[in-house]
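Here is what each chain is made of, one letter per residue.
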Amino acid sequence: MRQTIVAGNWKMNASKEAVNTLVMGILSGMADVKSKVIVCAPFPYLSQAEALATHSQLHIGAQDINVNASGAFTGEVSADMIKDFGVEHVIVGHSERRSLYGETDGVVAEKVQVALDNGLTPLFCIGELLEERESGNTEAVVSRQINAVIDRVGIEAFKNIIVAYEPVWAIGTGVTATPQQAQDTHAFIRSLLASHDSDIAQSTPILYGGSMNPANAEELIGCEDIDGGLIGGASLKPDDFLRICKAG
Ligand code: PEP
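Bear in mind the structure is a predicted one, so any value in this text is a computation, not a measurement.

Concerning the pairing of strand β1 (residues 5–9)
For a regular strand, side chains alternate in direction, first toward one face of the sheet and then toward the other. Burial runs high along β1: five of the five residues are buried. Side chains Ile5, Ala7 and Asn9 project from β1 onto one buried face, and the interleaved Val6 and Gly8 project onto a second face that is buried too. Examined bridge by bridge, β1 and strand β2 (residues 36–40) share five bridges and lie parallel to one another. Across the sheet, residue Ala7 finds its bridge partner in β2, namely Ile38. In this fold, the crossover linking β1 to β2 by way of helix α1 (residues 16–28) has right-handed handedness. The pairing of β1 with strand β8 (residues 228–231) spans four bridges and is classified as parallel. Across the sheet, the residue bridging to Ile5 is Gly228, located in β8.

Encoded structure:
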């Protein structure tokens, strides 16, 4: 039985005041939430968010890491640094990192490895572009993205990986994949993992991301192979986010 996981990705949105409001707002409604809940804050606010969430069920995550441990990498943040703040989760390979910062499948696989080597749980993001879906290449794209990680870290490592399937055309667009579209791709992802190890495929959480909101969360998370959500826009509204958390 896989536990539902709902993770918020605040992206580059926050201020000291907003972090306070968001975390306190989420904490105030967590009592009857059964899902595991994570919020991924921008680096400067990790410490504040972590302090506010101490001794609660809310987990704080980061949005990226550099592959290097330390050194002359101006502007970058290492796995060790985020761990210093008690962070346990990190988003890796978000489509915005892939498209805006040129992260290849190889770089993403290396980041997954560095996260795992440092005891962090990667939220490993995959997903196809609109033209890739329209040309019938969704399965080929997600296979390529997943195989790059399996080749690097091995299937056993998926015991500590959360997969997030995020069709790029659904991210921040208000266009959500239909439950059937999402379920079909999630089932395909699980079958791909199962071709390596069926037990690991059954236990790997596969989250859906892409314009999930309180109105569509229940139906999406209710699908057999959808184990929760990675939420962008709606994670910035505590009430909406909590409603999604309660949909699981
Ligand atoms: C995301 O950025 O991971 C995401 C799913 O965004 P949104 O929910 O806004 O589509």
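And the narrative resumes.
Some words on the sheet that holds β1
Strand order in the closed barrel formed by eight strands is β1-β2-β3-β4-β5-β6-β7-β8, with parallel pairing between adjacent strands. Pairs of neighbouring strands in the sheet enclose a mean axial angle of 25°, with direction left out of account. Two strands pair when backbone bridges link them, and strand β5 (residues 121–126) and strand β6 (residues 162–165) are joined in this way by four bridges, in the parallel orientation. Across the sheet, residue Phe124 finds its bridge partner in β6, namely Val163. Across the sheet, helix α8 (residues 179–194) touches β5, β6 and β7 (206–209), and the angle it forms with β7 is around 150°.

Reading the values: rules and limits
Residues numbered from 1 in each chain as written. Predicted model: local features only at pLDDT ≥ 70, side-chain atom pairs only at ≥ 80, totals over all residues. Heavy atoms only, no water. Buried < 20%, exposed > 50% of the residue type's maximum accessible area, 1.4 Å probe, protein only. Helix = DSSP H or I, 4+ residues; strand = E, 2+ residues; numbered from the N terminus. Pairing = 2+ DSSP bridges. Right-handed = clockwise from strand over helix to strand, strands pointing away. Axes fitted to C-alpha atoms, helices over the stretch in contact; angles between N-to-C directions. Contact = heavy atoms within 4.5 Å.

Function-wise, these values are silent; they only describe arrangement.
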